[in-house]
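Here are the chains, one letter per residue:
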Amino acid sequence: MPALPRLRTGNPQLLRGLRARLVVGFLVVAAVSALTTALLTYQEARNAILQRSQDIAVNDLRAQVNSLAPELPVPPSQADLDSLRVQLERSGKSRDWDISVHYSGVRDSGDGGLRGDVVIPDDLKASVEKRHVPAFQRVDRSGDPWLLIGMPVRQSDGRASALTVYAQLPLSAEESNVEALVSAAQRGALPVLVLTVVLALLAARGVLRPVRGLRQAAGRIAEGKLDTRLEVKGADEIADLSRTFNDMAARLEESMAELRRLESNSRRFAADVSHELRTPLAAMTAVTDVLDEDADSLDPDTASAVRLISQETGKLARMVEDLMEVSRFDAGAAALHLDEVDVGETIRKTLQARAWQKRVTAELPADVRAGLDPRRLDVVVANLVGNALHHGGEPVRVRLHAPEPGADRLLIEISDSGPGIDPEVLPHVFDRFYKADSARARSEGSGLGLAIAQENVRLHGGSMRAANSPEGGAVFTVDLPLRLREAGEPVTEGDGDPPDDDGGAVDEQTADDDRGGLRSAAGKELHA
Amino acid sequence: MPRVLLIEDDAAVRDGVSLALRRRGHEVAAAASGEEGLEVLPGFRPDIVLLDLMLPGKDGFEVCRLIRAERQLPIIMLTARGEDLDVVLGLEAGADDYIVKPARGEVLEARMRAVLRRTALPADGTPAVAEPGPAPVETYGELAIDRAGLVVGKGGQDLSLAPSEMKLLLFLSATPGQVFSRQQLLEHVWEHSYHGDSRLVDACVMRLRTKIEDTPRSPRYVQTVRGFGYRFGPL
C-alpha cells in the first residue's frame with residue numbers, strides 16, 4: 001500500500017519524460033535527415049550549375065579564339081592585339097566578359113586589361129604561358145564570384161604560339177541560383193520540423209494512452225478493485241501487455257475470491273461450532289447450581305465428580321462465549337454502541353460488579369468523560385484486572401490518567417506486583433490461546449481474554465500495550481481516543497432547549513446514525 | 001413465587017431450565033412450541049414468559065407479538081444467537097429483556113426478578129407517586145398519565161403499554177425536561193447494575209414512541225438528545 005502514492009506521484013513525471021524523449025528523438029532524426037539531404041543536394045546542384053556555366057564559357061572562348069586567332073599577323077602589333085581583344089569582347093554573345101590578350105609578354109594596350117585590375121594569379125599564368133594548357137579559376141572580386149579563364153592559342157600546325165587570351169566573366173547569375181536552392185532548403189526544413197513535432201506528439205499519444213490506461217488499471221488493482229480489466233486493441237506489444245495484465249488481474253481476483261471463501265468458511269465454521277455448542281451448554285449450565293447444591297449430600301467421590309462437571313461446564317460455557325465473540329470480531333460484525341460516560345465511574349462499576357474493590361487500588365479521577373461503549377470498556381477492564389489478579393500478584397492497581405486539556409487520548413493503566421511477564425512471552429500475550437506457561441496447560445480463562453480485550457480496544461480505534469514495570473510486575477496500558485461530543489453540538493440538559501429545530505423527524509435517525517457513523521469509522525480504523 | 005411459562009423447543013434445555021427454576025421455587029409450565037405456549041397461556045396465567053427465539057412453526061418474534069397483542073405480560077427472550085440483529089428484532093417485537101444462552105440458573109433468576117420487580121409497578125417508588133399531587137392524573141399535551149392507576153391515555157383513549165414501556169414513560173415523565181443517558185435509564189428502569197445493553201433502551205423508546213407519539217418519526221414526548229440520551233418533553 002505505501003508504494004501506491006509513490007507510484008502515483010512518480011508516474012506523471014515519467015510520462016512527461018517519455019513524451020519529451022519521443023518528441024526530441026523525432027526532431028533529431030528529422031533535423032539530421034533534412035540537413036543531410038539539403039547539404040548533399042546543395043553541393044551537387046552548386047557544382048553542376050558552376051560546371052555547366054564554366055564549360056559553356058570555356059568552349060565559347062575557345063571557339064572564338066580559334067576562329068579569330070589565325071587571322072592575326074605574326075608577330076602581331078599592338079593594334080592587332082587591340083582589335084583581337086575588341087573582336088573577342090564583341091563576340092561574347094550575351095556574355096559580359098572582359099578579355100585581355102597577351103603576346104609573349106606584350107599586353108594589348110586596351111584600357112588597362114581586365115576590369116577591376118584583377119591580377120591574374122601566377123599559377124594560372126604559368127600554366128597557360130609556360131605549359132600552354134588552358135586553365136580556369138574561380139576568383140572572388142570584391143565579394144562577387146567571377147570566373148577567370150586563360151586560353152593559350154595554338155598555331156594552325158598545332159604548335160604553341162606566344163599568344164594568350166584571358167577572359168573574365170561574372171558568376172552572379174549562377175550564384176543567385178545556388179542561393180535560391182539554399183533558401184528553398186531552409187524554407188522546406190522549418191515546416192518539416194514543425195510537422196515532425198506534431199507527428200511525434202501524435203505518436204507519443206498513441207503509445208502513451210495505453211500506458212496511461214495500464215497505469216490507471218494498475219492503480220485500481222492496487223486499491224483492491226480486482227475486477228479491473230483493460231480493453232485489448234490491435235495486436236501490438238501494448239495489446240500483449242494488456243492481455244497479460246488482464247490475465248494477471250483475473251488470476252488475482254480468482255485467488256482472492258478463493259481466499260475469501262476459505263476465510264469466510266472457516267469463520268462460519270467457528271461460529272457454527274460455537275453456536276451448536278450453546279444449546280447443550282444451555283441445558284447443562286442451567287442445572288449446574290442444582291448439582292452444586294446437592295453435592296454436599298452425596299458420596300465424596302460422586303460429589304467431587306459432580307463439582308468437576310459443574311466447574312468444567314462453566315469453563316466450557318465461558319469459552320464458547322469467548323469464541324462467539326472472537327468470531328464476531330473476525331467477521332467484522334462487532335458493533336460499537338457509543339455513549340458518553342464518566343470513565344472513572346464506569347471502571348469503578350466494573351470493579352464493584354465483580355467485588356474486586358478490596359483487592360484493587362484504583363486511581364480514578366472524577367469527571368473524565370469520553371465517548372465509549374461502556375459494555376466493551378467493561379470487558380476490557382475486567383479482562384485486564386482479572387488477568388492481573390490471576391497471573392500477576394496483588395496489589396493490583398488501576399490508574400486512569402486524566403487527559404491534559406486539549407489532549408485526544410485517554411490512558412488506562414493496569415499494573416500488578418507479580419513477577420512480570422517473561423520478555424519472550426511479551427510479544428505474544430495478545431495472541432489467541434497463547435499459554436504463557438506451557439506447564440500450565442489449562443487455566444481459569446479461555447485463553448481468549450486478552451485477545452478479546454485487544455479487539456475491543458481496537459474497535460474503539462485505540463491500542464493496547466503490555467510491558468514490565470521497572471519495579472517488577474506487568475503493566476498493561478490501554479490507549480483510547482478521547483471521542484467527545486463536538487463543541488458545536490448542543491448540550492441540551494435544561495428546559496426550553498429543543499434538541500432539533502425541526503422536531504425529531506431526524507431524531508431517532510440521527511441517534512442511530514451517530515452510532516453507525518462512529519462504528520463504521522472505528523471499523524475503518526480497525527481494518528486500516 | 002412467580003409462575004413461569006417456558007417456551008423452548010430443545011428438550012434438554014427445556015428440562016434443564018425447568019429443573020433449575022423449579023428448584024428455586026418457581027411454578028414452571030414448559031411448552032415445546034409457540035403454538036403450544038399460546039394454548040397453555042390462558043389456563044396457566046403465568047407472571048412471566050421465557051421465550052426461545054428459534055422455534056419451529058411460529059418463531060419467537062411472532063409469538064412475542066401475539067402475546068403482546070393480548071396482555072401486558074413481561075417477556076424475556078431466551079436466545080442462542082447473541083447477534084445484534086436477533087437481539088434488536090426480539091426487543092422490537094416487544095420483549096422486556098433478553099438472555100443469551102447458555103445462562104446459569106442464578107442469572108436466569110436474577111434477570112427474571114429484575115423484570116418482575118420493574119413490572120410490579122405499584123411498588124415502584126417514583127417520586128411523583130410519593131407526592132400527593134394536586135391531580136391524580138398528570139396531563140402532558142394530549143397524554144394523560146395516571147400514576148396510581150397505571151393507566152396512560154391519549155386523547156381520551158387508554159393506551160396498552162408493555163411493562164417496560166410503562167416503566168420507562170413513568171420514569172422519564174417524573175422529571176420532564178431532564179435528560180437521562182442510556183446507561184442511567186438501564187440502571188433505573190431495567191435495574192441492570194452491570195453494563196447492560198443500550199439497545200434495550202433504544203428498542204423500548206422506539207416501541208413507546210409508536211404508541212404515544214402522533215408521528216413517531218418526530219417525537220414530542222420522548223425526545224432524543226443527540227449524543228447524550230433521552231428526555232420527556234419539554235412540550
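Residues numbered from 1 in each chain as written. Chains lettered and ligands numbered in written order. Predicted model: local features only at pLDDT ≥ 70, side-chain atom pairs only at ≥ 80, totals over all residues. Heavy atoms only, no water.

Trainee: Outline the overall build of chain A, supporting the account with residue identities and numerical values.
Mentor: The secondary structure content of chain A amounts to 10 helices and 12 strands. In chain A, buried positions account for 38% of the 528 residues. Taking contacts inside chain A between residues at least 6 apart in sequence as the whole, the part at least 24 apart equals 66%. (Helix = DSSP H or I, 4+ residues; strand = E, 2+ residues; numbered from the N terminus. Buried < 20%, exposed > 50% of the residue type's maximum accessible area, 1.4 Å probe, protein only. Contact = heavy atoms within 4.5 Å.)

Trainee: Give me the lowdown on empty space enclosed by the protein, citing residues and values where you can.
Mentor: Summed over the entire model, instances satisfying the criterion amount to 2 cavities of 30 Å³ or more. Each pocket or cavity is described by its volume, and for the second largest cavity that value is around 40 Å³. The residue inventory of the lining of the second largest cavity, partitioned by class, reads 7 nonpolar, no polar and 1 charged. (1 Å grid on protein atoms, 1.4 Å probe; cavity = no way out; pocket = protein on both sides within 12 Å on 5 of 7 lines; lining within 4 Å. Points joined across faces, edges and corners; volume = space filled by probe spheres on them. Nonpolar A, V, L, I, M, F, W, Y, C, P; charged D, E, K, R; others polar.)

Trainee: Just give me the short version of the packing of helix H6 (residues 300–330) of chain A against helix H9 (residues 449–459) of chain A, but keep the residues and values in it.
Mentor: Residues and elements named next belong to chain A. Remark: H6 packs on H9, axes separated minimally by 10 Å, with the N-to-C direction vectors making an angle of 35 degrees. Crossing hand, H6 versus H9: left-handed. Along the contact surface, H6 presents Asp 322, Glu 325, Val 326 and Phe 329, while H9 presents Ile 452, Glu 455, Asn 456 and Leu 459. Class assignment for the residues of the contact of H6 with H9 results in 4 nonpolar, 1 polar and 3 charged. (Axes fitted to C-alpha atoms, helices over the stretch in contact; angles between N-to-C directions. Left-handed = near helix turned anticlockwise from the far one by under 90°.)

Trainee: Talk me through the sheet that holds strand S5 (residues 97–100) of chain B; I want residue IDs and the actual numbers.
Mentor: All names here are of chain B. Pairing in this open sheet of 5 strands is parallel, and the strands run S2-S1-S3-S4-S5 from one edge to the other. Only two strands of the sheet have a single neighbouring strand rather than two, namely strand S2 (27–31) and S5. Across the sheet, the axes of successive neighbouring strands diverge by a mean angle of 20 degrees, strand direction being ignored. Note that strand S1 (residues 3–7) and strand S3 (residues 48–52) share 4 bridges and pair parallel. Each bridged residue has a counterpart across the sheet, and for Leu 6 the counterpart in S3 is Leu 50. Strands in contact with helix H1 (residues 11–23) are S1, S2 and S3; relative to S2, the strand with the most contacts, it is inclined by about 170 degrees. (Pairing = 2+ DSSP bridges.)

Trainee: Describe the pattern of salt bridges, with residues and values.
Mentor: Residue and element names in this part refer to chain B. Under the counting rule described, the total for this entry stands at 37 salt bridges over all chains. Taking the shortest distance from any N to any O, the salt bridge between Glu 8 and Lys 101 comes out at 3.0 Å. One end of the pair, Glu 8, is in the loop between S1 and H1; the other, Lys 101, is in the loop between S5 and helix H5 (105–119), and 93 residues separate them in sequence. Of the residues examined, Glu 8 reaches a relative accessible area of 1% and is grouped as buried. Residue Lys 101 is classed as buried on the basis of its relative accessible area of 4%. (Salt bridge = Lys/Arg side-chain N within 4 Å of Asp/Glu carboxyl O.)

Trainee: I'd like a description of the packing of aromatic side chains, backed by residues and values.
Mentor: Residues and elements named next belong to chain B. All chains considered together, the criterion is met by 4 aromatic pairs over all chains. With a centroid separation of 4.7 Å and an interplanar angle of 50 degrees, the aromatic rings of Phe 171 and Phe 180 are classed as tilted. Phe 180 shares its class with Phe 171; the two are buried. Measuring from centroid to centroid gives 6.3 Å for Tyr 221 and Phe 232, while their planes differ by 25 degrees, and the two rings are stacked. Of this pair, Tyr 221 sits in the loop between helix H9 (198–212) and strand S11 (222–225) while Phe 232 sits in strand S12 (residues 229–232), and the two are 11 residues apart along the sequence. Taking NZ or CZ as reference, Arg 3 lies 4.6 Å from the ring centre of Phe 44, over its face. Looking at Arg 111, its charged tip hangs above the ring of Tyr 98, at a distance of 6.0 Å from the centre. (Phe/Tyr/Trp six-rings, centres within 6.5 Å; stacked < 30°, edge-to-face > 60°. Lys NZ or Arg CZ within 6 Å of the ring centre and 35° of its normal.)

Trainee: Account for unusual backbone geometry, with residues named and values stated.
Mentor: Following Lys101(B), the chain continues into Pro102(B) via a peptide bond in cis, with omega recorded as -5 degrees. Counting through the fold element by element, Pro102(B) comes out in the loop between S5 and H5. Notably, Ala355(A) is not glycine yet its phi reads approximately 55 degrees, a positive angle. Position of Ala355(A) among the secondary structure elements: in the loop between helix H7 (343–353) and strand S7 (360–363). At Arg45(B), a residue that is not glycine, the phi angle is positive and equals roughly 50 degrees. Assignment of secondary structure puts Arg45(B) in the loop between helix H2 (34–44) and S3.

Trainee: With reference to specific residues and values, describe the nonpolar core.
Mentor: Formed by 49 residues in total, the largest nonpolar core has its most connected members in Val49(B), Leu51(B), Leu168(B) and Leu185(B). Take this core: its biggest share by element is 7 residues, from H9(B). Counting 38 residues, the second largest nonpolar core, distinct from the first, contains Ala388(A), Val425(A), Leu450(A) and Ala474(A). (Core = buried A, V, L, I, M, F, W, Y, C linked by side-chain atoms within 4.5 Å.)

Trainee: Lay out the side chain of Lys154(B) with the relevant residues and their values.
Mentor: Residue and element names in this part refer to chain B. Tracing the backbone through its elements, the reader meets Lys 154 in strand S8 (residues 151–154). A polar side-chain atom of Lys 154 sits 3.4 Å from the main-chain carbonyl oxygen of Glu 213. Within the local environment of Lys 154, its side chain forms a polar contact with the side chain of Asp 214, the two groups lying 2.7 Å apart. Excluding residues that lie within four positions of it along the chain, Lys 154 makes contacts with Glu 142, Leu 143, Leu 159, Ile 212, Glu 213 and Asp 214. (Polar contact = N/O pair within 3.5 Å; in protein donor to acceptor, adjacent residues only side chain to side chain.)

Trainee: Break down the pairing of S8(B) for me, with residues and values.
Mentor: All names here are of chain B. In this sheet, S8 lies alongside strand S7 (residues 143–146) in antiparallel orientation, the contact comprising 4 bridges. By the bridge assignment, Ala 144 is partnered in S8 with Gly 153. In textbook terms, the turn of a hairpin is the stretch between consecutive antiparallel strands, and for S7 and S8 this stretch comprises 4 residues, one of which, Leu 150, has a positive phi near 55 degrees. Strand direction decides the pairing type here: S8 and strand S9 (residues 157–159), joined by 3 bridges, are antiparallel. Its bridge partner lying in S9, Val 152 is registered against Leu 159. The loop that links S8 with its antiparallel partner S9 comprises 2 residues; one of these, Gly 155, has a positive phi angle of about 60 degrees.

Trainee: Any details on the environment of Asp296(A)? Residues and values, ideally.
Mentor: All names here are of chain A. Position of Asp 296 among the secondary structure elements: in the loop between helix H5 (237–295) and H6. In this structure Asp 296 comes out as exposed when scored by relative accessible area, which is 62%. Separated by 11 residues in the primary sequence, Asp 296 and Arg 307 have C-alpha atoms spaced 9.7 Å apart. A polar contact of 2.7 Å, which involves the side chain of Asp 296, links it to the side chain of Arg 307.

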